[in-house]
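# Notes for the structure review
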Amino acid sequence: MFASSLSVPVVSLVTALAPVLIPVAPRAPAPAPASVPVPVSGRYAAGGAGHARVVSADPVDTTPHVLDGIVNALALVDGAVVVGGSFTEVREAGRSGTLRRHNLFAYDLATGRVLPGFVPQPDRPVQALAAGVRGTVYAGGRFTTAGGRWTRGLALLRLSDGSAVARFGAQARGGTVTSLVRAGRALYAGGDFTAVGDVPRTALARLDAVTGVADPAFTIGPAAPRGGRTRVHALALSRARLAVAGDFAVLGGLPRPQLALVDVTVSPAAVAPWRTDAYRGRCRSDFPGYLRGLDFSPGGDHLAVVTTGGPMGPERMCDTAARFETGGTGPVRPTWVNHTGGDSLYAVAATGAAVYVGGHQRWLDNPRGRDSAGPGAVARPGIGAIHPRTGRALTWNPTRDPGIGVKAFLAHRGGLLVGSDTTRLGHEYHARVGMFPLPITPDS
């Protein structure tokens, strides 16, 4: 078994046969409009770390176990992993006692010990997390209380004692917060809410990360949903651009079926000329909007996207992972598409060495499968990795009990954290939380 490590070693990338591979020549990035820039430092996304190599397939032994429910979100704050979802009990690895933790807890990344003072007890599930500053974390969901305060759908919490930061007064009204990303003093929130405080905001908002007040200058909103309600399912942020995925056909008044990029370094922010028609097609009627996860590569030059939708064949983007170059204008075609053959993908992490995908899939490289293994399909139960350049499944195959699926990845400089709803990961017992370390090499 491996112990937790913060080294960044190297492993070779091995590929299998390609599914549907659609090459596209990357285009030069469009020039940003002349305007007053808004500073953005660093990279803030679903993951956040570039890896030189693929992570080990053997999980570390130190991660705690979530004994019921599901993990929806992960964040890393000053060496502590914050875990959000719908659950009530946690047990530390190697110990027998259980700890009551409703929907949110934190543990030390190095040792796996649960932080004793962080017991904010949100009254309803947590759907989204984002790291704050000075030992704080942002939480989003549909809760009404957290950290001992009344707070609707959004909270800023101290890891030291679980208390809510009183100055942060954001209130999400009319729906749920499902995604959060932060850059400096800007906090972006996505979901299916209709207002933040008294400010109307449909499914997407930029907030002051200190006060929680909705930014009056950020009025870009999604519209024209395929289903009955406009939703943002996922956000990712890299340098100048915010990626937005959800149930909408229009963003900021421009046609953007389910996926768009927003230039956030100009004032006011503007929908980027980048666009794709790849997700204009329909999947099963019960999945009107079918994008579920996205992540930028460490350099921001491409975007990885995963979907649900049902077994609709190789011509549709249902139940797929795909790569898009971010430097063009449009319409941009996917560089490659990898089909599961009929199983949903919910989470994705692009680390440079691999594109990790998680859901309840049985296969990858399976464009001809329809709830079956078609020609060339490779078994990758519950979790898998794709070569970032070719789009073919890597040999990395730790396996995971499928269940509902992986709902959260978090890449950091020591490995890859995984949050889900099942208890077997890498052929071992790791209930709902696990971590694959970067492998140790003699020169690391």
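Further up the page is the structure itself.
Residues numbered from 1 in each chain as written. Predicted model: local features only at pLDDT ≥ 70, side-chain atom pairs only at ≥ 80, totals over all residues. Heavy atoms only, no water.

### Describing the packing of aromatic side chains
Worth spelling out the cut-off: Two rings from Phe, Tyr or Trp (for Trp, the six-membered ring) form a pair when their centres are within 6.5 Å of each other. A pair whose planes differ by under 30 degrees is stacked, one over 60 is edge-to-face, and the rest are tilted. Comment: elements are numbered from the N terminus, with helices defined as DSSP H or I runs of at least four residues and strands as E runs of at least two. Accessible area is worked out with a 1.4 Å probe on protein chains only. A residue is then buried under 20% of its type maximum, exposed over 50%, and partly exposed in between.
Inspection of the entire model under this criterion finds 9 aromatic pairs. Arranged with centres 5.4 Å apart and planes meeting at 70 degrees, the rings of Tyr138 and Phe168 form a pair that is edge-to-face. Note that Tyr138 is positioned in strand β9 (residues 136-141) and Phe168 in the loop between β12 (154-158) and β13 (172-173), a separation of 30 residues in sequence. On the basis of relative accessible area, Tyr138 is assigned to the buried category, the value being 4%.

### Some details on the sheet that holds strand β34 (residues 383-386)
Heads up, the condition is: Note on pairing: DSSP must find at least two bridges between two strands before they are called paired. Only the stretch in contact is used when fitting a helix axis, every axis being a line fitted to C-alpha atoms; angles between N-to-C directions are given from 0 to 180 degrees.
Sheet architecture is open: 3 strands sit in the order β30-β31-β34, paired in antiparallel fashion. In this open sheet, the two edge strands, each paired with only one partner strand, are β30 (345-350) and β34. Taken over all neighbouring pairs, the strand axes of this sheet differ in orientation by 20 degrees on average, direction set aside.

### A closer look at the environment of Ser420
We apply this condition: Contact between two residues is taken to exist if any of their heavy atoms lie within 4.5 Å; hydrogens are not considered.
One can find Ser420 in the loop between β36 (415-419) and β37 (424-425). Taking the C-alpha atoms as reference points, Ser420 and Ala431, separated by 11 residues in sequence, lie 8.3 Å from one another. In this view, Ser420 contacts Ile70, Val71, Arg400, Gly405, Val406, Lys407 and Arg432; residues no more than four positions away in its chain are not counted.

### Quick word on unusual backbone geometry
In the segment running from Ser267 into Pro268, the intervening peptide bond is cis, with an omega of 0 degrees. Within the secondary structure, Pro268 is located in the loop between β24 (259-263) and β25 (270-271). Of note in the backbone geometry, Asp78 takes a positive phi value of approximately 50 degrees without being a glycine. Checked against the element boundaries, Asp78 lands in the loop between β3 (70-77) and β4 (80-86). According to the relative accessible area criterion, Asp78 is exposed, its value standing at 67%.

### Some points on the sheet that holds strand β39 (residues 433-437)
Sheet architecture is open: 3 strands sit in the order β35-β36-β39, paired in antiparallel fashion. Because the sheet does not close on itself, it has two edges, and the strands there are β35 (408-412) and β39. Ignoring which end each strand starts from, the neighbouring axes of this sheet average 15 degrees apart. Pairing analysis gives 5 bridges linking β36 to β39, with the strands arranged antiparallel. Counted as the bridge partner of Leu417 is Met435 from β39.

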